[in-house]
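Understanding the architecture of this molecule
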Amino acid sequence: MDLGRGKCWETPKQGSWKTLLLLAYQSLGVVYGDLSISPLYVYKSTFAEDIQHSETNEEIFGVLSAVFWTLTLVPLFKYVFIVLRADDNGEGGTFALYSLICRHAKVSLLPNRQVADEALSTYKLERNPDKKKSSRVKLCLERYKSLHTALLFLVLLGTCMVIGDGLLTPAISVFSAVSGLELSMSKERHQYAVIPITCFILVCLFALQHYGTHKVGFFFAPVILIWLICISALGLYNIIQWNPHVYQALSPYYMFKFLKKTRKRGWMSLGGILLCITGSEAMFADLGHFSYAAIQIAFTFLVYPALILAYMGQAAYLSQHHDDNNHIGFYISVPRSVRLPVLIIAILASVVGSQAIISGTFSIINQSQSLGCFPRVKVIHTSDKIHGQIYIPEINWMLMILCIAVTIGFRDTKHMGNASGLAVMAVMLVTTCLTSLVIILCWHKPPVVALCFLLFFGSIELLYFSSSLTKFTEGAWLPILLALFLVTVMFVWHYATVKKYEYDLHNKVSLEWLLALGSSLGIARVPGIGLVFTDLTSGIPANFSRFVTNLPAFHRVLVFVCVKSVPVPYVPPAERYLMGRVGPPAHRSYRCIVRYGYRDVHQDVDSFETELAARLADFIRYDWYQKQGTNSCSEDDASRSYESSSECRLAVIGNVVLSEPPAYDNEESELAATVSDGLPTVQSVQQASVSDGFQTVQSVSDVIEMRSVEMVERRVRFAFDESETNGETDIEKQLQEELEDLLAAQQAGTAFILGHSHVRAKQGSSFLKKLAINFGYNFLRRNCRGPDVALKVPPVSLLEVGMVYVV
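Residues numbered from 1 in each chain as written. Predicted model: local features only at pLDDT ≥ 70, side-chain atom pairs only at ≥ 80, totals over all residues. Heavy atoms only, no water.

1. Remarks on the overall build of the protein
Put simply, the rule reads: Counting from the N terminus, the helices are the DSSP runs of H or I reaching at least four residues and the strands are the DSSP runs of E reaching at least two. Residue exposure (1.4 Å probe, protein chains only): buried if accessible area is under 20% of the type maximum, exposed if over 50%, otherwise partly exposed. In what follows, a contact means two residues having at least one pair of non-hydrogen atoms within 4.5 Å. To be clear on the numbers: accessible area is Shrake-Rupley with a 1.4 Å probe, and residue cover counts the displayed protein chains and nothing else.
A tally of regular secondary structure across the protein gives 27 helices and 13 strands. Expressed as a percentage of its 807 residues, the buried residues of the protein come to 58%. For the protein, contacts bridging at least 24 residues in sequence account for 84% of all contacts bridging at least 6. Only carbon and sulfur atoms are counted for the fraction: they give 59% of the accessible area of the protein, which is about 33,500 Å².

In structure tokens form, the structure reads like this:
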């Protein structure tokens, strides 16, 4: 199963307003679930302790003014008009910004970069400015490796805070919705009813995750639409009924007057006000599922007005009711006659909002794993039609347990709000910093523009963040503790992964060593295809030399497979396989680099070896159909020293087009090829293996990128009629022999050769490094999914080679 670059909903054609409005409607349930339920707890959290609602109404009007301007400046101006434009091929989120920065500046710590990756159609740059005009910021970032590490740490911190938000949002949303029962039952009954009901709803919510969002997704948008209409109607009713002049409080004068009067207490209360923008990050993170215009329309013309009316209505009601500060909240302003249906709608809306953030948590963990920044976990794709719908069992049950623990442990909206607010503001600060770099590096704007953006929005978010920090002992410690733990785990895993790659790079075997292996040394070639998995994009991995040393035999067809991530969201299927020879054609050894983006769906076990064999057949036919002196690896080339010569040329194998297909026929063949009349359109590009920061010899190859033309798919069968082969050239005969060998090897079976690694720190390493490698990384490696599970290798075909890495 390779779903390619599909999205939940296709981007509408230009001018198709009907499709655009449909997308805007569908975005309500996925994007705005969290943001739309914030009226449930904003006022309650704000007036929990720091400030009191007085007869003068200065506090409630000041809070309303602060909520209005916060909603206007951050979600509307920052996200809708600026940040949403910083998309990566239509994708948004923290990793999208990091991917953009890595493509425009050499700041990535991932060691398997190749120049060939820049030829991908999705590896598009905003502009190609003159190198002489490269900004000083870019030069400074590329020069210092410490800045690369700091940038990755910033991205990981933002990622961990998103995961923390995925833990806290379901708890506070469902708890706040269920707390409406306090107005219809006594305090004693309410105390023993709300917590169990909240926990029951959370258990049901997480238990349904394995079915996938797509099976209940049609229900999301109507729920949020009804909820937005409901809070808008309640807001208008309260404004008309209690205080028609409440609109005057939207003036920033009331906000400054409020801060002047309350001073430190007002500043500390900002931790409750900032909850009005929880969920704003989802507009950017879920950009890939919709379109910029759809999200912009939905927020500007529906969500934003509905939220403003809801907050104004609550303020209007509270301005005329000063009798009970302990019951300040959403439900107190709801008329008694409609309180029960509103409670039901609120609970449904909170479930929808929680679902969106849980799905987002799964997605961001999958992205972290694809970039080597998170231990391997099992990822289940819940939809064959909708790209990106995933479920991670281990993370799901961990989140459920932690959500229930938070609900039982905190037991009130105040502590949950303090924790959630700090996580939200940390994510927004990270987004602001990364967007500032995008403005300089990708949009090529003057640094002063980026500085203005950073200072304006960063100062607002820093003010709210500092307010949240003052509540450290009242709940804000939770996201900080969780982020420190997750950042440590992710950084240790990434550090050890890079060190392992560095070890492999410095201990790889020369090409002439492989070519020298033969029957004279007691080496046998056994039937079948041997897939040797390695992280290297060039050279012979050390684990293969260990394998041959201990078992002097390897398969008749040998393929060195590297599954790597590229800093793009998607790699088109036609550009996924980068193939070449290792040695002369008679050696039957090949290299295959399988490239995935950070949002790509990896293939299933049932199709990978078949797909790989089909692509290998495509490459063999293409290679032989070119002039031997230009596109094949000759015996002379192969016999040169690996350090002084390149490996054979690599080709991007997708939908390959060949001229004059041979009339081969065999009903037993399983290998399919795409053929048609006409020659392929090719483009030669110089490719180099690049290892940032590593002292190694570059391996330069030719990359031939095959572009699709009009094609007719036909199954090519591999049997040979002697009467037809008599007149064939030597090249055609050698092609037939190689394809016959490939078919015979595939029928004999496929073996997957993986390294079973144990990593330990060198003698003399620092205590911190020994702690991270010997205990931290090895503990994670033993208790997470193995590489065979991550690569979906069938156990019956697995051969593991023990390797000790001393890093």
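There is more to say, and it comes next.
2. Topic: the side chain of serine 545
Cut-off, in case you're wondering: A 3.5 Å cut-off defines polar contacts: any pair of N or O atoms within that distance qualifies, except that in protein one atom must be a possible hydrogen donor and the other a possible acceptor, and neighbouring residues in sequence count only when both atoms are side-chain atoms.
As for its placement among the helices and strands, serine 545 is situated in helix 20 (residues 542-550). Taking relative accessible area as the criterion, serine 545 reaches 16% and is therefore assigned buried. Within polar-contact distance, the side chain of serine 545 engages the backbone oxygen of alanine 542 at 2.6 Å. What serine 545 contacts, discounting residues up to four positions off in sequence, is Val509 and Trp513.

3. What about the pattern of salt bridges?
The condition that has to hold: Within this document, salt bridges are pairs made up of a side-chain nitrogen of Lys or Arg and a carboxyl oxygen of Asp or Glu, the two lying within 4 Å of each other.
Evaluated as defined, the whole model comprises 15 salt bridges. In this structure, the salt-bridge partner of glutamate 58 is lysine 257, at a minimum N-O distance of 3.5 Å. You can see glutamate 58 sitting in helix 4 (residues 58-80) and its partner lysine 257 sitting in helix 10 (residues 252-262), a full 199 residues away along the chain. Of the residues examined, glutamate 58 reaches a relative accessible area of 23% and is grouped as partly exposed. Since its relative accessible area comes to 32%, lysine 257 is described here as partly exposed.

4. A closer look at the environment of serine 466
Looking at where serine 466 falls in the secondary structure, it is placed in helix 17 (residues 447-469). Given the relative accessible area of 25%, serine 466 is considered partly exposed. Separated by 3.3 Å, the side chains of serine 466 and tryptophan 267 make a polar contact.

5. Some thoughts on unusual backbone geometry
Among all residues save glycine, negative phi is the norm, and among peptide bonds the norm is trans. Here the phi dihedral of asparagine 57 falls at roughly 65°; this positive angle occurs in a residue that is not glycine. Relative to the helices and strands, asparagine 57 resides in the loop between helix 3 (42-46) and helix 4. For asparagine 57, a relative accessible area of 9% translates into the label buried.

6. Some points on the side chain of arginine 781
The condition that has to hold: Working convention for charge: Lys and Arg count positive, Asp and Glu count negative, and His plus the chain ends are omitted.
Tracing the backbone through its elements, the reader meets arginine 781 in helix 26 (residues 767-783). For the buried arginine 781, no salt bridge exists, and the shortest N-O distance to an oppositely charged side chain is 8.2 Å, to glutamate 800. Setting aside residues up to four positions removed in sequence, arginine 781 forms contacts with Trp493, His756, Ser757 and His758.

7. Considerations on the environment of serine 45
In this structure, serine 45 sits in helix 3. Sequence separation between serine 45 and isoleucine 328 is 283 residues, and the spatial gap between their C-alpha atoms is 9.0 Å. Filtering out sequence-adjacent residues up to four positions away, serine 45 remains in contact with Gly272, Leu275 and Thr413.

8. Section: the confidence of the model for the protein
Convention followed: Note on scores: pLDDT gives the predictor's confidence for each residue, bounded by 0 and 100.
Of all residues in the protein, 80% attain a pLDDT of 70 or more, and the chain-wide mean is 79. Confidence drops under a pLDDT of 50 for residues 656-727, and excluding neighbours within four residues, the segment shows 171 contacts in the predicted structure.

9. So, the packing of aromatic side chains
For clarity, the threshold we go by: Ring geometry is summarised as follows: Phe, Tyr and Trp rings, the Trp one being its six-membered ring, pair when their centres sit within 6.5 Å, and such pairs are stacked at plane angles under 30 degrees, edge-to-face over 60 and tilted between the two. Charge over a ring is defined by NZ of Lys or CZ of Arg lying within 6 Å of the ring centre and within 35 degrees of the ring normal.
In total, this model carries 21 aromatic pairs according to the counting rule given. Centre to centre, the rings of phenylalanine 544 and phenylalanine 554 are 5.6 Å apart; their planes meet at 75°, and the pair counts as edge-to-face. Of this pair, phenylalanine 544 sits in helix 20 while phenylalanine 554 sits in strand 4 (residues 553-565), and the two are 10 residues apart along the sequence. Considered together, phenylalanine 544 and phenylalanine 554 belong to a single accessibility category, that of buried residues. Every member of this aromatic cluster is reached through a ring pair, and the members are Phe544, Phe547, Phe554 and Phe560. A cation sits over an aromatic face here: arginine 103 above tyrosine 123, 5.4 Å from the ring centre. When the ring centre of tyrosine 805 is taken as origin, the NZ or CZ atom of lysine 500, which lies over that ring, is 5.4 Å away.

10. A short note on the packing of helix 7 (residues 145-178) against helix 14 (residues 339-370)
Angle between the axes and distance between the axes are the two parameters that describe a pair of packed helices. The cut-off we apply is this: Axis geometry follows a simple rule: fit a line to the C-alpha atoms, using only the stretch in contact for helices, then measure angles between N-to-C directions, giving values from 0 to 180 degrees. Note that the term roughly parallel is reserved for angles under 35 degrees, roughly antiparallel for angles over 145, roughly perpendicular for angles of 65 to 115, and oblique for everything else. In a left-handed crossing the near helix is turned counterclockwise from the far helix by less than a right angle, and in a right-handed crossing that turn is clockwise. All amino acids are sorted into three groups, where Ala, Val, Leu, Ile, Met, Phe, Trp, Tyr, Cys and Pro are nonpolar, Asp, Glu, Lys and Arg are charged, and the leftover types, Gly among them, are polar.
It is at 9 Å that the axes of helix 7 and helix 14 come closest, and there the two elements cross at 170°. Compared by their axis directions, helix 7 and helix 14 come out roughly antiparallel. Like other packed secondary-structure pairs, helix 7 and helix 14 cross with a definite hand, here left-handed. Facing helix 7, whose interface residues are Thr159, Val162, Ile163, Asp165, Gly166, Thr169, Pro170, Ser173, Val174, Ala177 and Val178, helix 14 presents Leu343, Ala346, Ile347, Ser350, Ser354, Ile357, Ile358, Thr361, Ile364, Ile365 and Ser368. Here the contact of helix 7 with helix 14 is composed, by residue class, of 13 nonpolar, eight polar and one charged.

11. A word on helix 10
An α-helix turns once every 3.6 residues. As a result, residues three or four positions apart point the same way. We apply this condition: Relevant arc is that of directions from the helix axis to the C-beta atoms, nothing else.
Those residues of helix 10 that fall on the buried side of the exposure criterion are Met255, Phe258 and Thr262. The arc enclosing the buried residues of helix 10, seen along the axis, measures out at 60°, which places them on a common side. In helix 10, the exposed positions that point more than 90 degrees away from the buried face belong to Tyr253, Phe256 and Lys260. Where helix 10 ends, the next residue or the one after it, arginine 263, has phi of about 50°, a positive value.

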